[in-house]
Amino acid sequence: MSVSENIKDIKQRIAQAAQRCGRSAEDIQLIAVTKTLPITVLQEAYQCGLRHFGESRAQEFRDKIHVLPEDTVWHFIGHLQTNKIKYVIPSCVLMHSLDSMHLANTISEFCEKKHITRSFLLEVKTSDEATKFGFDPDEAVESYVTISEFSHIQLQGLMTIAPFVDDINQIRNSFRKLREIRDDIYKRIGRHQTLELSMGMSQDYEIAIEEGSTMVRIGTSLFGPRGR
Ligand SMILES: *Cc1c(COP(=O)(O)O)cnc(C)c1O
């Protein structure tokens, strides 16, 4: 199938998943994950109407942000080493992978020096299998409250990666855990702002939507398998 057919199919599945749980498809943002893909693929996706793009490697992010028009919304979704903050943070509309207090502190100092404020999601490790990065669920609420008081950092919600397993219940539990952490944050700091839940990838985005996802990050189902 072509990229445009894939987009149509995915949007339909998003709408159906939303409908199953009484949500509106408009509340779910599709982010095209284009890591490792050539620029021609990004341009095709842009021409098909996509505007939200996600990259996970710092230098690749830096090199790709110039190839699409200015109304492109760039997300960074990978682990960011502190020495590469400069490649990513200035041009990043939403950074999904704020995964340690050290990174938060270093980014805050960087933004203060540059006189910029940027938006972030706190990455939470809701399973042992998916990734080694992210805050432990037990410390997520406290860390969220702490970082939300940093100047130059605007926290807008949470992100997680589900475990790479076949057991749907395990995947669902991981998404549910993230939603529960969000609800605990609401209890702590009030509900002045709707918090984003960035969860769901090609294999599991429909489950994620049923559990409250507001942003799905999709690569393979849009563009086919990546070479590496
Ligand atoms: C690669 C990646 C995705 C997209 O994965 P697919 O399975 O190709 O849809 C989503 N989120 C993160 C953090 C990724 O690294």
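Shown above is the structure to which this text applies.
Cut-offs and rules
Residues numbered from 1 in each chain as written. Predicted model: local features only at pLDDT ≥ 70, side-chain atom pairs only at ≥ 80, totals over all residues. Heavy atoms only, no water. Salt bridge = Lys/Arg side-chain N within 4 Å of Asp/Glu carboxyl O. Helix = DSSP H or I, 4+ residues; strand = E, 2+ residues; numbered from the N terminus. Buried < 20%, exposed > 50% of the residue type's maximum accessible area, 1.4 Å probe, protein only. Core = buried A, V, L, I, M, F, W, Y, C linked by side-chain atoms within 4.5 Å. Contact = heavy atoms within 4.5 Å. Near = heavy atom within 4 Å. Polar contact = N/O pair within 3.5 Å; in protein donor to acceptor, adjacent residues only side chain to side chain. Areas by Shrake-Rupley, 256 points an atom, 1.4 Å probe, with all protein chains shown as cover. Nonpolar A, V, L, I, M, F, W, Y, C, P; charged D, E, K, R; others polar.

Peer 1: So what exactly am I meant to see when it comes to the pattern of salt bridges here?
Peer 2: Opposite charge on two side chains makes pairing possible when the charged atoms of those side chains draw close. Applying the stated criterion to the full structure yields 15 salt bridges. A salt bridge links Asp9 to Arg13, with the nearest nitrogen and oxygen atoms 3.1 Å apart. You can see Asp9 and its partner Arg13 sitting in helix α1 (residues 3-20), four residues apart, about one turn around the helix. Exposure remark for Arg13: the relative accessible area of 34% places this residue in the partly exposed category. One network of salt bridges, in which partners are shared, links Arg20, Arg172, Arg176, Arg179, Glu210 and Glu211.

Peer 1: Looking at this structure, I do not really get the nonpolar core. What am I missing?
Peer 2: A general feature of soluble globular proteins is that nonpolar side chains tend to end up buried together. Counting 66 residues, the largest nonpolar core has Phe53, Leu80, Ile89, Ile107, Ile147 and Leu158 as its most contacted members. With near-sequence residues (within four places) excluded, Ile147 lies in contact with Leu98, Met101, Ala104, Leu122, Phe135, Ile153 and Leu155. Ala130, Met159, Ile161 and Met215 belong to the second-largest nonpolar core, a separate cluster that totals seven residues.

Peer 1: Just to check I follow, could you spell out the site of the ligand for this structure?
Peer 2: Neighbouring the ligand are the residues Val33, Lys35, Ile77, Ile161, Met201, Ser202, Arg217, Ile218, Gly219, Thr220 and Arg226. Between the ligand and Lys35 there is a distance of 2.6 Å, counted from an oxygen atom to a side-chain nitrogen or oxygen. Between Arg226 and the ligand, the recorded distance is 2.8 Å, taken from a side-chain N or O atom to an oxygen atom. When the ligand is considered free in solution it has 390 Å² of accessible area, and contact with the protein chains removes 89% of it. In terms of residue class, the shell around the ligand is made up of five nonpolar, three polar and three charged.

Peer 1: Looking at this structure, I do not really get the side chain of Glu123. What am I missing?
Peer 2: Looking at where Glu123 falls in the secondary structure, it is placed in strand β5 (residues 118-123). Each residue touching Glu123, except ones within four places of it in the same chain, is listed here: His96, Ser97, Leu98, Asp99, Thr131, Phe133, Gly134, Phe135, Met159 and Ile161.

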